[in-house]
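Commentary on secondary and tertiary structure
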Amino acid sequence: MTNLVGIVLLIAGIAALIYGYMESQSARDQTARLVLGRFTQKTLTLLIGGAVALVLGLVLLL
């Protein structure tokens, strides 16, 4: 059961990281980065959440 949860977290983390990267390359996010000097909240949530899910998935698989 733990392996299944680890695999799901690993896949979800990779998907969130990919989607977060694609969001960071969007015109809206680049404009926000130019004006505000940082990523939007949605992009940060996707990147940080994806990284956390990826690490937890790897830990559960070991």
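Here the structure is a predicted model, which is why all the values come from computation and not from measurement.

**A closer look at the pattern of salt bridges**
- The final tally for this structure, using the stated rule, is 2 salt bridges.
- Arg28 is the partner of Glu23 in a salt bridge, and the nearest nitrogen-oxygen pair spans 3.2 Å.
- Given the relative accessible area of 12%, Glu23 is considered buried.
- The partner of Lys42 in a salt bridge is Glu23, with the nearest N and O atoms 3.9 Å apart. With Lys42 in helix H3 (residues 41-61) and Glu23 in helix H1 (residues 2-24), this pair connects stretches of sequence that are 19 residues apart.
- Lys42 sits in the partly exposed class, given a relative accessible area of 40%.
- Linked through salt bridges whose partners overlap, the residues forming this network are Glu23, Arg28 and Lys42.

**Some details on the environment of Leu54**
- Checked against the element boundaries, Leu54 lands in helix H3.
- Relative accessible area serves as the criterion here: at 22%, Leu54 is assigned to the partly exposed category.
- For the pair Leu54 and Gly20, spaced 34 residues apart in sequence, the C-alpha to C-alpha distance is 13 Å.
- Beyond its immediate stretch of four places on either side in the chain, Leu54 contacts Leu9, Leu10, Gly13, Ile14 and Leu17.

**Some details on the environment of Asn3**
- Here Asn3 lies in helix H1.
- By relative accessible area, which is 47% here, Asn3 ends up partly exposed.
- Here the alpha-carbon distance between Asn3 and Arg33, two residues 30 residues apart in the chain, equals 38 Å.
- Leaving out residues up to four positions away in the same chain, Asn3 has contacts with Leu60 and Leu61.

Rules behind the numbers
- In this numbering scheme, every chain counts its residues from 1 along its sequence in written order.
- With the structure being a predicted model, the display of local features is reserved for residues of pLDDT at least 70 and the display and counting of side-chain atom pairs for 80 or more, all residues being used for whole-chain, interface and lining totals.
- Side-chain metrics in this entry use all non-hydrogen atoms of the structure; hydrogen atoms and water are not considered.
- Basic side-chain nitrogens of Lys or Arg form a salt bridge, by our definition, when they fall within 4 Å of a carboxyl oxygen of Asp or Glu.
- Note on classification: 1.4 Å probe, protein chains only; a residue is buried when its accessible area is under 20% of the maximum for its type, exposed when over 50%, partly exposed between these limits.
- Numbering goes from the N terminus for both helices and strands, where a helix is a DSSP run of H or I of at least four residues and a strand is a run of E of at least two.
- We call two residues in contact when some of their heavy atoms are within 4.5 Å.

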